[in-house]
Amino acid sequence: MSVITLSNVRKTYPLGKQEVVAVKDASFSVEKGEFAAISGPSGSGKSTILNMLGLIDIPSAGSIIINDIDVYKGVNLEDAQVQDGRWASDPKDKRKRRTSIPSKLDKRITGLRRSHIGFIFQTFNLIPVLNVYENVEFQLLLNSKGQDAKCPVDDFSKKQKEEWVNYLIDRVGLSDWKTHKPSELSGGQRQRVAIARALVTKAPVILADEPTANLDSANSKQILSLMKQLNKDPELQTTFIFSTHDARIVKMCDHVVHLLDGNITNDEHKAGSDIYGEE
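Predicted model, so just to flag it, every value in this text is computed and none were measured.

On to helix α2 (residues 103–116), then. Between its first and last C-alpha, α2 extends 20 Å over 14 residues, near the 20 Å set by a 1.5 Å rise per residue. Within the span of α2, buried status applies to L105, R108, I109, G111, L112, R114, S115 and H116.

Among the nonpolar cores identified, the biggest contains 42 residues, and F35, I120, I195, L224, M227, F240 and F242 are the most heavily contacted of them. Secondary structure elements with two or more residues in this core: β3 (35–39), α3 (132–137), α4 (158–171), α5 (187–199), β10 (205–209), α6 (217–231), β11 (239–244) and α7 (247–252). Among the elements that make up this core, the one with the highest residue count is α5 (six residues). Beyond its immediate sequence surroundings of up to four residues, I195 is in contact with I120, V172, I223, L226, M227 and L230. With 33 residues, the next largest nonpolar core counts I38, I66, V205 and V257 among its residues.

With 89% of its residues at a pLDDT of at least 70, the protein reaches an overall mean of 88. Long-range and interchain partners of residues 95–99, a stretch whose pLDDT sits below 50, account for 11 contacts in this model, where long-range means more than four residues apart.

Running from N to C, α5 and α6 cross one another at 20°; their axes reach a closest spacing of 10 Å. Of the possible angle classes, the one that applies to α5 and α6 is roughly parallel. Here the hand of the crossing between α5 and α6 comes out right-handed. On α6, the residues touching G188, Q191, R192, I195 and L199 of α5 are N219, Q222, I223, L226, M227 and L230. Grouping the constituent residues of the contact of α5 with α6 by class yields six nonpolar, four polar and one charged.

With respect to topology, six strands assemble into an open sheet ordered β9-β10-β11-β3-β12-β13, the strand pairing being mixed. With one partner strand each, in any of the chains shown, β9 (117–120) and β13 (263–269) form the two edges of the open sheet. On average, each strand axis in the sheet is tilted by 15° relative to the strand beside it, whichever way the strands run. Both β10 and β11 contribute to a ladder of five bridges, which runs parallel. Bridged to V205 within β11 is T239. In this fold helix α1 (residues 46–53) packs onto β3, β9, β10, β11 and β12 (255–260), with an angle of close to 150° to the strand it touches most, β11. Of the strands in this sheet, β9 and β10 touch α5, which is tilted by about 175° from β9.

You can see S217 is positioned in helix α6. Of the residues examined, S217 reaches a relative accessible area of 53% and is grouped as exposed.

The subject of this paragraph is α6. Compared with an ideal rise of 1.5 Å per residue, which puts 15 residues at 21 Å, α6 spans 21 Å between its outermost C-alpha atoms and is within 8% of the ideal. Listed as buried for α6 are S220, I223, L224, L226, M227, K228, L230 and N231.

Moving on: the sheet that holds strand β5 (residues 69–70). What the four strands build is an open sheet, ordered β2-β1-β4-β5; its pairing is antiparallel. Unpaired on one side and paired on the other, β2 (18–31) and β5 mark the two borders of the sheet. Summarising the sheet, strand β1 (residues 2–15) and β2 pair through 10 bridges and their orientation is antiparallel. Bridge pairing in β2 places S2 opposite E31.

Here we come to the pattern of salt bridges. Across all of its chains, the model carries five salt bridges by this definition. The partner of D154 in a salt bridge is R114, and the shortest N-O contact between them spans 3.0 Å. Residue D154 is found in the loop between α3 and α4, and its partner R114 is found in helix α2; the two are separated by 40 residues along the sequence. Relative accessible area serves as the criterion here: at 8%, R114 is assigned to the buried category. A salt bridge links D274 to K232, with the shortest nitrogen-to-oxygen separation between them at 2.8 Å. Residue D274 is located in the segment after β13, and its partner K232 is located in the loop between α6 and β11; the two are separated by 42 residues in the primary sequence. In this structure D274 comes out as partly exposed when scored by relative accessible area, which is 43%.

Rules behind the numbers
- Residues numbered from 1 in each chain as written.
- Predicted model: local features only at pLDDT ≥ 70, side-chain atom pairs only at ≥ 80, totals over all residues.
- Heavy atoms only, no water.
- Helix = DSSP H or I, 4+ residues; strand = E, 2+ residues; numbered from the N terminus.
- Expected span 1.5 Å × (residues − 1).
- Buried < 20%, exposed > 50% of the residue type's maximum accessible area, 1.4 Å probe, protein only.
- Core = buried A, V, L, I, M, F, W, Y, C linked by side-chain atoms within 4.5 Å.
- Contact = heavy atoms within 4.5 Å.
- pLDDT = per-residue confidence, 0-100.
- Axes fitted to C-alpha atoms, helices over the stretch in contact; angles between N-to-C directions.
- Parallel < 35°, antiparallel > 145°, perpendicular 65-115°, else oblique.
- Left-handed = near helix turned anticlockwise from the far one by under 90°.
- Nonpolar A, V, L, I, M, F, W, Y, C, P; charged D, E, K, R; others polar.
- Pairing = 2+ DSSP bridges.
- Salt bridge = Lys/Arg side-chain N within 4 Å of Asp/Glu carboxyl O.

Written out as structure tokens, the structure is:
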């Protein structure tokens, strides 16, 4: 079963009077439970694809389907693009420009981000004034509106939510650090908090952008081993998708989409290693 499908996805950016094509008609699917990577050198378009998968950036053309939901259904992406932070229903007609994307589309993608996608950032992005427990719990405090935004945990009682947050904190090995704030944690510990936070809504897909970029080799090995264990955990049933040029992460993945200059050069399925750094 596919959890994410991209079909003929294209992304262009204006550069003066020219147009830069960052991603060229990309098509691939990621199946439930895969440990997948989008891999390529700097400038290949991997972060652009990850941002589109995470509904942070809007494609210029094509379709993205998440758990059978066509994200941009009814939107003519070829005639409507975000340029310089402004929505243009017709790029050649400035009179039709809005100050933001249409409200209906904004609500749809915001809801889908909350319910279907978890994020792990290379810079952690924890809230400094909140402790470990509060950082993980924070996602559960956000209100959900609409069916697309509904998470399995929304139906949990207060006690069940507390138990779930504590379970995840224990699962990432930070039970003794629940009351500590990010400034009191190491880089590896901060990334563990970020992983627990990404998992707390039971999102079916976790996106990780160069998750080991700010970690030393020992912490990188521990974090990737943890992610692999979580990927295989039947309680979580989580699909991981990485944006990376780290060959050691690529070796751990069972599905690798190779990119070069915005083009998919190979959509590879293989046996992945369980150990980070294994040759």
